[in-house]
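In case you want the letters, here they are:
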Amino acid sequence: MATPAFEEIAETFEFLDDWEDRYRHVIELGRAMPALDEALRVPAIKVEGCASQVWLLPRIDGTGPGARFDFQGESDAMIVRGLIAVLHALYAGLTVAEVGQVDAAAELGRLGLNDHLSAQRSNGLRAMVERIRKLAAETAAG
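All values reported here derive from a predicted model rather than from experimental measurement.

Trainee: I would appreciate a short explanation of the overall build of the protein chain in the present structure.
Mentor: Helices and strands together make up the secondary structure of the protein chain, namely seven helices and two strands. Ordered by position in the sequence, the α and β elements of the protein chain form the string α-α-β-β-α-α-α-α-α. With the principal axes as the frame, the protein chain shows a C-alpha extent of 45 × 30 × 25 Å. Looking at the 142 residues of the protein chain, the share that counts as buried comes to 44%. Long-range contacts, defined as pairs at least 24 residues apart, comprise 63% of the intrachain contacts of the protein chain with a sequence gap of at least 6. With an accessible surface of roughly 7,200 Å², the protein chain has 50% of that area assigned to carbon and sulfur atoms. Separation between the mean location of the 14 positive side-chain charges and that of the 22 negative ones in the protein chain comes to 5 Å.

Trainee: For this particular structure, what's the right way to read the packing of helix α3 (residues 78–91) against helix α7 (residues 119–141)?
Mentor: Between two packed helices, what matters for the description is the angle formed by their axes and the separation of those axes. One can describe the packing of α3 onto α7 by two numbers: an axis separation of 11 Å at closest approach and a directional angle of 35 degrees. Here α3 and α7 pass one another in a crossing that is right-handed. In this structure, α3 uses Ile79, Val80, Leu83, Ile84, Leu87 and Tyr91 to contact α7, whose residues at the interface are Arg121, Leu125, Met128, Val129, Ile132 and Arg133. Among the residues forming the contact of α3 with α7, the class breakdown is 10 nonpolar, no polar and two charged.

Trainee: Hey, could you run me through the nonpolar core in this one?
Mentor: Nonpolar side chains in soluble globular proteins tend to end up buried together. Membership of the largest hydrophobic core comes to 42 residues, with the highest contact counts inside it found for Phe69, Leu87, Tyr91 and Met128. Those elements that place two or more of their residues in this core are α1 (4–15), α2 (19–32), β1 (54–58), α3, α4 (96–99), α5 (104–109) and α7. The dominant element in this core, judged by the number of residues it contributes, is α3, at 10 residues. When sequence neighbours within four positions are dropped, the list of residues in contact with Tyr91 reads Phe69, Val99, Val102, Ala104, Val129, Ile132 and Arg133.

Trainee: Hey, could you run me through the pattern of salt bridges in this one?
Mentor: One side chain can pair with another of opposite charge once the charged atoms of both are near each other. Counted under the stated rule, the structure contains nine salt bridges. Linking Asp21 and Arg24 is a salt bridge whose minimum nitrogen-to-oxygen distance equals 2.5 Å. Pair noted here: Asp21 and Arg24 are both in helix α2, with a separation of three residues, about one helical turn. The partner of Glu38 in a salt bridge is Arg41, with the nearest N and O atoms 3.2 Å apart.

Calculation rules
Residues numbered from 1 in each chain as written. Predicted model: local features only at pLDDT ≥ 70, side-chain atom pairs only at ≥ 80, totals over all residues. Heavy atoms only, no water. Helix = DSSP H or I, 4+ residues; strand = E, 2+ residues; numbered from the N terminus. Buried < 20%, exposed > 50% of the residue type's maximum accessible area, 1.4 Å probe, protein only. Contact = heavy atoms within 4.5 Å. Areas by Shrake-Rupley, 256 points an atom, 1.4 Å probe, with all protein chains shown as cover. Lys, Arg positive; Asp, Glu negative; His and termini not counted. Charge placed at Lys NZ, Arg CZ, Asp CG, Glu CD. Axes fitted to C-alpha atoms, helices over the stretch in contact; angles between N-to-C directions. Left-handed = near helix turned anticlockwise from the far one by under 90°. Nonpolar A, V, L, I, M, F, W, Y, C, P; charged D, E, K, R; others polar. Core = buried A, V, L, I, M, F, W, Y, C linked by side-chain atoms within 4.5 Å. Salt bridge = Lys/Arg side-chain N within 4 Å of Asp/Glu carboxyl O.

Now the structure itself:
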């Protein structure tokens, strides 16, 4: 299960043979993402387990399992900001119930990210996915 926005990223990655080009594309995705207001970058939405600073602010429309999931994110590292944009493409617009059904490792694996991220970045990416899943599960449970 992948959103059209994520499918578009996956298709772009298929055309970019060189990992450096893919890396630049991820950074560009991050640059295109709206910034999270400085005032919202508070400890309550900070993601632990990331080498860089990461904040994920849920934006959920509705209640229960049918609520629509969205979030804003920010990082002080350009590549991580790009990874947030990739995760946004993967999850935004799904219901909170659908968020829990996404096999993030498999979907992100289609982009080859696992092979090219440092161990710290991979751990941070997993921490972001876990936070997203937790936020969605809490909303789905009501």
